[in-house]
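Structural overview
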Amino acid sequence: MTVEIGIYGGLFLSALGAATLLPMQSEAVLVGLLLSGRPVLLLLFVASLGNTLGGLINWALGRGIERFRHRRWFPVGEAALTRAQDWYSRWGKWSLLLSWMPIIGDPLTLAAGVMRERFLTVLVLVAIAKTGRYAVLAAVTLGFFG
């Protein structure tokens with residue numbers, strides 16, 4: 001039982017970290033656990049929960065940290081944040097459906113906070129995007145498309 005908690009806890013933490021501005025990956029952890037024969041829906045739930053929470057952390061940071069964007073220690077480069085804000089201004093909340101994407105996904109969730117998008121909107125759209133990405137990864141890993 002303790003080992004299983006550690007396994008799922010590790011998946012949760014890797015997914016959470018990967019969705020924040022930290023340079024982490026969670027896909028390899030999920031693929032390894034999928035191949036180990038553990039319950040697919042539980043793995044998808046844990047990974048999606050962690051990754052969605054990470055996106056919400058970025059959103060919360062964006063709500064209060066934008067005033068520091070010109071500081072050297074700011075976690076997103078000026079150009080990346082400006083690009084994300086421009087993208088967000090053009091496409092609005094629907095751009096959050098791209099929050100699963102590498103490189104632009106994390107700045108988009110941060111930009112949603114800076115742009116004062118509503119919590120429930122961010123939660124629903126980011127959850128759809130993150131869960132969808134993991135579901136496709138699981139389907140490919142388990143041979144559903146082959």
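Thresholds applied
Residues numbered from 1 in each chain as written. Predicted model: local features only at pLDDT ≥ 70, side-chain atom pairs only at ≥ 80, totals over all residues. Heavy atoms only, no water. Helix = DSSP H or I, 4+ residues; strand = E, 2+ residues; numbered from the N terminus. Rg over C-alpha atoms; globule rule 2.2 N^0.38 Å. Buried < 20%, exposed > 50% of the residue type's maximum accessible area, 1.4 Å probe, protein only. Contact = heavy atoms within 4.5 Å. Areas by Shrake-Rupley, 256 points an atom, 1.4 Å probe, with all protein chains shown as cover. Expected span 1.5 Å × (residues − 1). Axes fitted to C-alpha atoms, helices over the stretch in contact; angles between N-to-C directions. Left-handed = near helix turned anticlockwise from the far one by under 90°. Nonpolar A, V, L, I, M, F, W, Y, C, P; charged D, E, K, R; others polar. Core = buried A, V, L, I, M, F, W, Y, C linked by side-chain atoms within 4.5 Å. Phe/Tyr/Trp six-rings, centres within 6.5 Å; stacked < 30°, edge-to-face > 60°. Lys NZ or Arg CZ within 6 Å of the ring centre and 35° of its normal.

1. Overview of the overall build of the protein
Counting its secondary structure elements, the protein contains 6 helices and 0 strands. Secondary structure elements of the protein, listed N to C terminal, follow the sequence α-α-α-α-α-α. Relative to the 2.2 N^0.38 estimate, which gives 15 Å for 146 residues, the radius of gyration of the protein is 16 Å and therefore close to what a compact globule would have. Principal axes of the C-alpha set define a box for the protein whose edges measure 45 × 30 × 25 Å. Expressed as a percentage of its 146 residues, the buried residues of the protein come to 42%. Residue pairs in contact within the protein that sit at least 24 positions apart in sequence constitute 72% of those at least 6 positions apart. Here the protein displays about 8100 Å² of accessible surface, and carbon together with sulfur accounts for 70% of that area.

2. Describing helix H6 (residues 119-141)
Spanning 23 residues, H6 covers 32 Å between terminal C-alpha atoms, matching the ideal 33 Å at 1.5 Å per step. All of the buried residues in H6 are Thr 121, Val 122, Leu 125, Val 126, Ala 129, Lys 130, Arg 133, Tyr 134, Ala 138 and Ala 139. Among the structural elements, helix H1 (2-19), helix H2 (27-35), helix H3 (40-65) and helix H5 (105-114) are those in contact with the buried residues of H6.

3. As for the packing of H1 against H3
Where H1 meets H3, the axes come as close as 7 Å, and the angle between the chain directions of the two elements is 35°. For the pair H1 and H3, the crossing hand works out as right-handed. In this structure, H1 uses Tyr 8, Leu 11, Phe 12, Ala 15, Leu 16, Ala 18 and Ala 19 to contact H3, whose residues at the interface are Leu 42, Leu 43, Val 46, Ala 47, Leu 49, Gly 50, Asn 51, Leu 53, Gly 54, Gly 55, Ile 57 and Asn 58. Tallied by class, residues from the contact of H1 with H3 come to 14 nonpolar, 5 polar and no charged.

4. Remarks on the nonpolar core
Tyr 8, Leu 11, Ala 15, Leu 30, Leu 33, Leu 34, Leu 43, Leu 44, Val 46, Ala 47, Tyr 134 and Ala 138 together form the largest nonpolar core, which totals 12 residues. Where this core is concerned, the elements lending two or more residues are H1, H2, H3 and H6. Residue contributions to this core peak at 4 residues, all from H3. Other than its neighbours up to four places away in sequence, Ala 15 contacts Ser 26, Ala 47, Gly 50, Asn 51 and Tyr 134. Formed by 11 residues, the second largest nonpolar core is a distinct cluster that contains Leu 56, Trp 59, Tyr 88 and Leu 108.

5. A short note on the packing of aromatic side chains
The full count for this structure, using the stated rule, is 1 aromatic pair. Between Arg 133 and the ring centre of Tyr 134, over which it is positioned, the NZ or CZ distance is 4.3 Å.

Remember that the coordinates give geometry; whether it matters functionally is a separate question.
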